[in-house]
Amino acid sequence: MHDQDKTKEQLITELHALRLRLAESEKDKTERKRAQEALRESEELHRTLVSLSPDAITVADLNGWLTFASPKARQIFGHSPDDEVLGRSLWDYVVPEEQEKAYANILDLLTGGTFADREYTLIKQDGTRFIGEINAAVIDCSDGSPMRMIIIIRDITERKRAADELLESENKFKSFAENALAGIYLLQDGVFKYVSPKFAQMFGYTVEECLNGLHYRNLVYKEDLAKVDEQIRIRTSGEVEFIHFTARGLKKSGQIFHVEVYASTGNYNGSPAATGTILDITDRKRTEEERKKLEEQLFQSQKMESVGRLAGGVAHDFNNMLGVIIGRAEMALQKDVSNAKFQHNLKEILKAGQRSAGLTRQLLAFACKQTAIPKILDLNDTISGMLKMLRRLIAEDIKLSWQPGLDLWEVKIDPSQVDQILANLVVNARDAISGAGAVTMMTHNVAIDDCNKAEISEFIPGEYVLLTVSDTGTGMSREVRENIFEPFFTTKEVGVGTGLGLSTVYGIVKQNDGFIYVASESGKGTTFKIYLPRFVAETADVPCEEVACKPPTGTETILLVEDDEAILSLSKMILENLGYTVLAAHNPTYVFHLVEDHPGDIHLLITDVVMPEMNGRELAEQLITVRPNLKCLYMSGYTADVIARRGILDEGVNFIQKPFGSEVLAARVRQALDHLE
């Protein structure tokens, strides 16, 4: 019974042990299954990573035979998915000239375990080459010995090309910057971030010193700092993207020099910056200053030549006329001279005096100092009234053609100046024609804009009445044409003309805000084009009355002021002969005593314009404060802009030009007295 019971206990124990073994077996199976699942997941994960990797992944044995190639590896080497690549040698994909390097790197890999970022030129299936970046590692056996190699390949051909191009570009820029004649710079927040060697050399610094926080204000001469700051403000404010200016730079040594700066807005490290160039223009400035000095010297020389020619011409003509006056006066003073000869001598003296006055008027016209009394004119009417006189100036075998323009605009000019212009031009044309020929005068309206100005620099934009005088004469060379407006310059024979005709025309045109253009070639005639500004006004000037044949007289009281004793005495005598009461003074100071002491009315002041103590206008203004009804007549040979601006008489001013005769004085005095305020 006991044995049977013991056997039963043993059976139970064995059964329990069996159960434990079964449970342990199930646990092992579960863990084994879990491990297998984990392994499968890991393999799937690695397979996915390999298939999605942008890099080619390959595995090779220690002899270099491929045992695995990822899809990217097949693609990068140009294989189709069906191509058999396993079992191929790694050396099949390395260019022959780099296989020795690859073999050495494999030995390094087997001894070192890894290598990274090695570059090779590799070959695709079709023979195309590309640059590959290689990273590799050795997979060891359980005993630590090398078993196989894993090799990861990245195609860096484009990256390499871009890097090479960037390097080439940088080298080009570096070469350009280092060899450029101009200094190159990059400026940000007032501090230099880049300067070329030339820039640093220009200012006497090293490149390192310039890039060590150097501020641009340290390189600018103090008197030009405000100018440079303003230019930078304009650029940084966005008003402009590009600036260009000149200034004075300051070298490290303190030396001042001239620079020309160009700068444009850019970007550096994500922030606004300025890039530009700078040129040392000191030598250019010096050359320009020297050229300017030479031009001034040349101008002075030419001016002195003109003055010499002017002085010589004036002296020649005045000496001729003075010779006539002195000789005729001496003959008239002879005791046994007959009355007829006496009268003849006086007439010759008068003619010589009038010629002298004419020469003076021409000189004033040339200098734009002739006092003019402008009127609003229709140039066609004025010229038409001159045709008979102009035809008398030319020979019978020269045809004078007059072609007036339609609906001509009005101009404002002294009519006598139009006479002078046309007489001088027609006489000049006549002298240029040998034998038969033609002189043509035309007028028409013209509007000049900037396009015309671009063609001919003398043109000034605006609306003008154009007077054209052309001839079929011998014409002029360029050298002659450049000097024709010089006083006393002439190509005519001695004794033929004064050389003042065209100078007078030029002066009159300039005085009236016009301009003159000359076209001429030797043998092809000459054309003068005179542009007079169009005048636009609501009302026209009232023409002055004609001077009567018989000198007008009067009984009014006249205050006469003239600093030249001879003119004062002569004028007083003429006025008294005309019936006027004359209070004469030779200087402005004495005038006030005369006015205070005179108990009656003073109707008219006749005063010289230019006098030592006080000019005529100032005198008149002071006298009018004590004699409000006093009228005034100015007389002068040269107004000095006291009563006329640039020779154009101020509105409402009574004026008589010296020298004058008794009839002209009588008429002007009567006009001034009868003028209604």
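Description of the structure in this document.

Conventions we followed
- Residues numbered from 1 in each chain as written.
- Predicted model: local features only at pLDDT ≥ 70, side-chain atom pairs only at ≥ 80, totals over all residues.
- Heavy atoms only, no water.
- Pairing = 2+ DSSP bridges.
- Helix = DSSP H or I, 4+ residues; strand = E, 2+ residues; numbered from the N terminus.
- Axes fitted to C-alpha atoms, helices over the stretch in contact; angles between N-to-C directions.
- Contact = heavy atoms within 4.5 Å.
- Polar contact = N/O pair within 3.5 Å; in protein donor to acceptor, adjacent residues only side chain to side chain.
- Parallel < 35°, antiparallel > 145°, perpendicular 65-115°, else oblique.
- Left-handed = near helix turned anticlockwise from the far one by under 90°.
- Nonpolar A, V, L, I, M, F, W, Y, C, P; charged D, E, K, R; others polar.
- Buried < 20%, exposed > 50% of the residue type's maximum accessible area, 1.4 Å probe, protein only.

This part is about the sheet that holds strand S5 (residues 146-155). Spatial strand order, S2-S1-S5-S4-S3: five strands in an open sheet with antiparallel pairing. Pairing within the sheet leaves two strands with one partner each, and these edge strands are strand S2 (66-69) and strand S3 (114-123). With direction set aside, neighbouring strand axes in the sheet form an average angle of 25°. As paired strands, S3 and strand S4 (residues 129-140) are joined by eight bridges and run antiparallel to one another. Looking at S4, one finds that Leu-122 is bridged to Phe-130. Against the sheet, helix H3 (residues 99-112) engages S3, S4 and S5, with an angle of about 160° to S3.

Note that Glu-562 resides in the loop between strand S18 (557-561) and helix H16 (565-577). A polar contact of 2.9 Å, which involves the side chain of Glu-562, links it to the backbone nitrogen of Asp-564. Discounting residues that sit within four places of it in the chain, Glu-562 has contacts with Ile-567, Leu-568, Ala-585, His-586, Asp-608, Met-635 and Lys-658.

With that settled, the discussion passes to the packing of H16 against helix H19 (residues 662-674). Put simply, H16 and H19 touch, their axes get as near as 10 Å, and they point 65° apart. By the angle class used here, H16 and H19 are roughly perpendicular. Crossing of H16 against H19: the hand is right-handed. Contacts between H16 and H19 involve Ser-571, Ile-574 and Leu-575 on the former and, on the latter, Ser-662, Leu-665 and Val-669. Of the residues in the contact of H16 with H19, the class split is four nonpolar, two polar and no charged.

As a further point, take the sheet that holds strand S16 (residues 515-520). Overall, mixed pairing links the five strands, which are arranged S12-S14-S15-S17-S16 in an open sheet. Looking along the sheet, the strands with just one partner apiece sit at the ends: strand S12 (398-403) and S16. For this sheet, the mean angle separating the axes of adjacent strands, direction not counted, is 20°. As paired elements, S16 and strand S17 (residues 526-533) share six bridges and run antiparallel to each other. In the sheet register, Ser-520 faces S17, and the bridge partner there is Thr-526. Here helix H12 (residues 415-432) sits on the sheet in contact with S12, strand S14 (437-448), strand S15 (462-471) and S17, set at roughly 35° to S15.

Before going further, it helps to spend a moment on unusual backbone geometry. The phi torsion at Asp-407 lies on the positive side, around 50°, for a residue other than glycine. Of note, Asp-407 is situated in the loop between S12 and strand S13 (411-413). Overall, the relative accessible area of 71% leaves Asp-407 in the exposed class. Although it is not a glycine, Asp-513 adopts a positive phi angle of roughly 60°. Tracing the backbone through its elements, the reader meets Asp-513 in the loop between helix H15 (501-511) and S16.

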